[in-house]
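# Structural overview
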2 protein chains.
Amino acid sequence: MNASVLQTLTDLLGKDGLLVDPDVTGSYRRDMMPLAPHGSPLAVALPRDAAQVAAVVKACAAAKVPIVPRGAGSGLSGAANAIDGCVVLVTTRLNEIVEVDPDNRLAVVQPGVVNLDLRGAVEKHGLFYPPDPSSYDWCTIGGNLSTNAGGLCCVKYGVTTDSVLGLEVVLADGEVLRTGRRTVKGVAGYDLTKLFVGSEGTLGVITQATLALRPLPQAPGTLVAAFSSVAAAGAAVSRVVREGIVPSLMEIMDATSIEAVEAHLKTELGAGKGCAALLLCQSDSGGEQARRELGAIEQVCQDSGADLVHSTFDLAEGQMLLAARRAVLMALEEYGTWMTDDVCVPRTRIADLISGCERISAETGLRVAVVGHAGDGNMHPTIIYDPTSEREFALATRAFNDILAVGLSLGGTVTGEHGIGKIKREWLEREIGPVGLRTHRAIKAALDPENLFNPGSMFSMT
Amino acid sequence: MNASVLQTLTDLLGKDGLLVDPDVTGSYRRDMMPLAPHGSPLAVALPRDAAQVAAVVKACAAAKVPIVPRGAGSGLSGAANAIDGCVVLVTTRLNEIVEVDPDNRLAVVQPGVVNLDLRGAVEKHGLFYPPDPSSYDWCTIGGNLSTNAGGLCCVKYGVTTDSVLGLEVVLADGEVLRTGRRTVKGVAGYDLTKLFVGSEGTLGVITQATLALRPLPQAPGTLVAAFSSVAAAGAAVSRVVREGIVPSLMEIMDATSIEAVEAHLKTELGAGKGCAALLLCQSDSGGEQARRELGAIEQVCQDSGADLVHSTFDLAEGQMLLAARRAVLMALEEYGTWMTDDVCVPRTRIADLISGCERISAETGLRVAVVGHAGDGNMHPTIIYDPTSEREFALATRAFNDILAVGLSLGGTVTGEHGIGKIKREWLEREIGPVGLRTHRAIKAALDPENLFNPGSMFSMT
């Protein structure tokens, strides 16, 4: 049976479109989350267009071979991890920017387009595609859609789903569904577009997307504020929200992150001794408006007890500060292997989450760095461990889960932007409860009755 | 059987909670769209809380009596219209604003809260709930959620779904589903929240919603521009979009609407003789920013050949102009009965839509006024007819459908914000195609296997 489906797929895709050598397919076994389970694929399919995707789906459905859709593999929840005997369907060859329509501020793209390439292509038209996950220079739009990716932009511009007008999706029977529209508004029928966005490859394979674009913002001004207590930094975030200031970026780094970045980049972030937290904010409103926004944030930081506040409209300096924030994970690698969490809490509870992480760090004896998108409460506590030590791996796993429990207890969610995947299945159940789980299963069974797509990911059917 | 379910419901809700007198229930037969079919309800249920809603659902499910959920009845698609023998479940008594949390910029409300009341309650905290359908002074949040209502705000602030964080929904088995969260980001599981928003009462009864709020914008500046051709006004809209200007409001009125409003309000809108279209724009960015935005729009209008452009930061004058726009439907009533369409087209095709409406007006001999949300291409061509003339009613129905066909042919959707309801079922099928329809049916069957909620509305199951 397997030999027969492999032959069918080779006939469809050509020899270079179907990888079967275990030495090659091995690199498609998992994404960037080491904790999530992963198996060995039967094959890796690299279709070139939607028709080939549909043909692969039909062949796999007929042979009852499960399909795991995958983009670049930058995910952090194991959603694209292979299961034994599956076909990993990689969409990276569907990488055409089909259309940029500046008059209607939209783009039509295939799923394999890299986020950064789309950003560049629309920027030429004075337009902006907001979602900017940390992996934006190599992750694909298809993966962004499947995980409803976020990034640093979300505090002002929302997440991926907020930028999607319509999708083309290959369903489990190989038929092509078109959802949504090219208009900015539209309520004809159920919002299937937003149902597929964030469904992590469990309902179909996205083969095209119509994306809403925004006017390119002004070059940003940047503010950095250093606090000697996490509580003071948290209070500043709450007050920015309360006062109705909407920065275009508002990130937090705790002492462990700052220290790691300073060592890694061999630079001073100006945090100084005794700095417990840095806030990094930007305004892209331009001119007087940006000065007013950053001025208001500066005042809030001072009132909240910041030891130092510095604003700059020098682009290079702003980019340097942002690069420091983006370098945290790489910097932490100097201490060991990292495992990053992704809890999102109400914005008033950020300081509580960070103290929870400090407690868990003390309990496990592991370093836990906290960085995150303070402006929307989406924190990435990152645990450092020695991967060669079974004890440390077990402790890291415990810390990972304890942090999720703290997030939930603060009224948060176990995933702000990375997704459930194969790493947080039991946490999904804990968060959404039995009625929520039953509803998920009903929808999955309705759209994918044979459980063809990514079976066992996000939730199990039994 | 019916007697027994009526007894059960009376026991549950009390005599004042269950209306059965046909003279009384008659006023719950239909919403504001005269064209849509409507039947006679068995009873009208007015539960007071979510537990009573769940009990009504269970009782009706057991007796196989269909339920039509309803808010204030301001809808324009017949989605809340009764079918023969149904229970109309009215949510207006669940009218509590449960919580306003200014620190996290959210509100928790019951579905019966009137849109205007929520606006007022959050404004006290310096906060803003954007969705503002024309009926905002009497429509309810529950209806807004069920139709994914829009309004004048959408060009800058999006539609209802963009302001919803989570829902509480009574499902067809009477169980209570909680979707979403209180955090601004979150990707745990499918986006059930946005699936229920806009589902027009076909999947469950919303009993509570957690809504995201925004900082209260600045008092707006207002611009009005008069054009002697619709094409010139359309070109101005396209250029505003292309130049990346985002006004907080951008409305268009054609000559018929202007004339009607001027006669009705006994005022001059400053359009002058030969005016074919007025554009009405606002910026709520405040201060210099607002002046810059309106200045840029002014320039675009002049370049596009406007005969007159006038900007004002006088609040009373701005409100007067906005009131004129909001008065169009009422003003048109002086000519006869109106029937309003709701097509949304790509923003570059607005002028084409208006010329299409002029053609249809000439063909049918009926007056067709076009007003709409130019900034997002959502137009409301409004047909005037004599309801006592069968011939005119037939012509109006033909015009209504012809306008939908024009909208679709321009790459638009048959409903930008009013919904499909019981008036555009065949048009939904035409817009989404057989795979789309099959997907809708599969989801409906998964969540409401006995077809309890609003059967036959939006689409039929066979």
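In this text the structure is predicted, and so the values were computed from the model without any measurement.

A few words on the pairing of strand β9 (residues 176–180) of chain A. Residues and elements named next belong to chain A. Looking at chain direction, strand β8 (residues 164–170) and β9 are connected through 5 bridges and run antiparallel. Within β9, the residue paired with V170 across the bridge is V176. Taken together, β8 and the strand that follows it, β9, pair antiparallel across an intervening segment of 5 residues, in which G174 is found at a positive phi of about 85°.

Taking the numbering used here, the UniProt-annotated feature "domain: FAD-binding PCMH-type" (unreviewed entry) corresponds to residues 37–216 of chain A. Secondary structure content for residues 37–216 of chain A is 22% helix and 24% strand, and the end C-alpha separation is 40 Å.

Once that is clear, we can look at the pattern of salt bridges. Working definition: two side chains of opposite charge can pair if their charged atoms are close together. Enumeration according to the criterion identifies 42 salt bridges over all chains in this entry. For the salt bridge of R242 of chain B with D103 of chain A, the shortest nitrogen-to-oxygen distance reads 2.8 Å. Linking R242 of chain B in helix α8 (residues 230–242) with D103 of chain A in the loop between β5 (97–101) and β6 (106–109), this pair reaches from one chain into another. R242 of chain B gets classed as partly exposed once you look at its relative accessible area, which sits at 47%. On the accessibility criterion, D103 of chain A (24% relative accessible area) is partly exposed. One salt bridge in this structure joins K185 of chain B and E417 of chain A, with 2.6 Å as the shortest N-O distance. Placement of K185 of chain B in the loop between β9 (176–180) and α7 (192–196) and of E417 of chain A in the loop between α14 (390–409) and α15 (425–447) is noted, with the two residues assigned to different chains. There is no split in this pair, since K185 of chain B and E417 of chain A are both buried. Taken together, the shared-partner salt bridges in this structure form one network comprising R359, E363, R398 and D402 of chain A.

Let's shift gears to the interface of chain A and chain B. Tallying the contact residues gives 77 residues for chain A and 77 residues for chain B. Between chain A and chain B lies a buried interface of about 6000 Å² when both sides are counted; carbon and sulfur atoms form 61% of it. Counting the surface chain A buries against chain B, the share from its top three residues, K185, V187 and Y190 of chain A, is 16%. Summed over the shared surface of chain A and chain B, the number is 8 salt bridges. For the pair chain A and chain B, the number of links is 24 residue pairs in polar contact (both at pLDDT 80 or more). When contributions to the side of chain A that touches chain B are tallied by element, the ones reaching two or more residues are β9, α7 (192–196), α8 (230–242) and α15 of chain A. Sorting elements by how many residues they give to the side of chain A that touches chain B places α15 of chain A first, with 13 residues.

Conventions used here
Residues numbered from 1 in each chain as written. Chains lettered and ligands numbered in written order. Predicted model: local features only at pLDDT ≥ 70, side-chain atom pairs only at ≥ 80, totals over all residues. Heavy atoms only, no water. Pairing = 2+ DSSP bridges. Helix = DSSP H or I, 4+ residues; strand = E, 2+ residues; numbered from the N terminus. UniProt positions renumbered as here; feature names shortened; annotations may be inferred. Salt bridge = Lys/Arg side-chain N within 4 Å of Asp/Glu carboxyl O. Buried < 20%, exposed > 50% of the residue type's maximum accessible area, 1.4 Å probe, protein only. Contact = heavy atoms within 4.5 Å. Buried area = accessible area lost by both parts, 1.4 Å probe. Polar contact = N/O pair within 3.5 Å; in protein donor to acceptor, adjacent residues only side chain to side chain.

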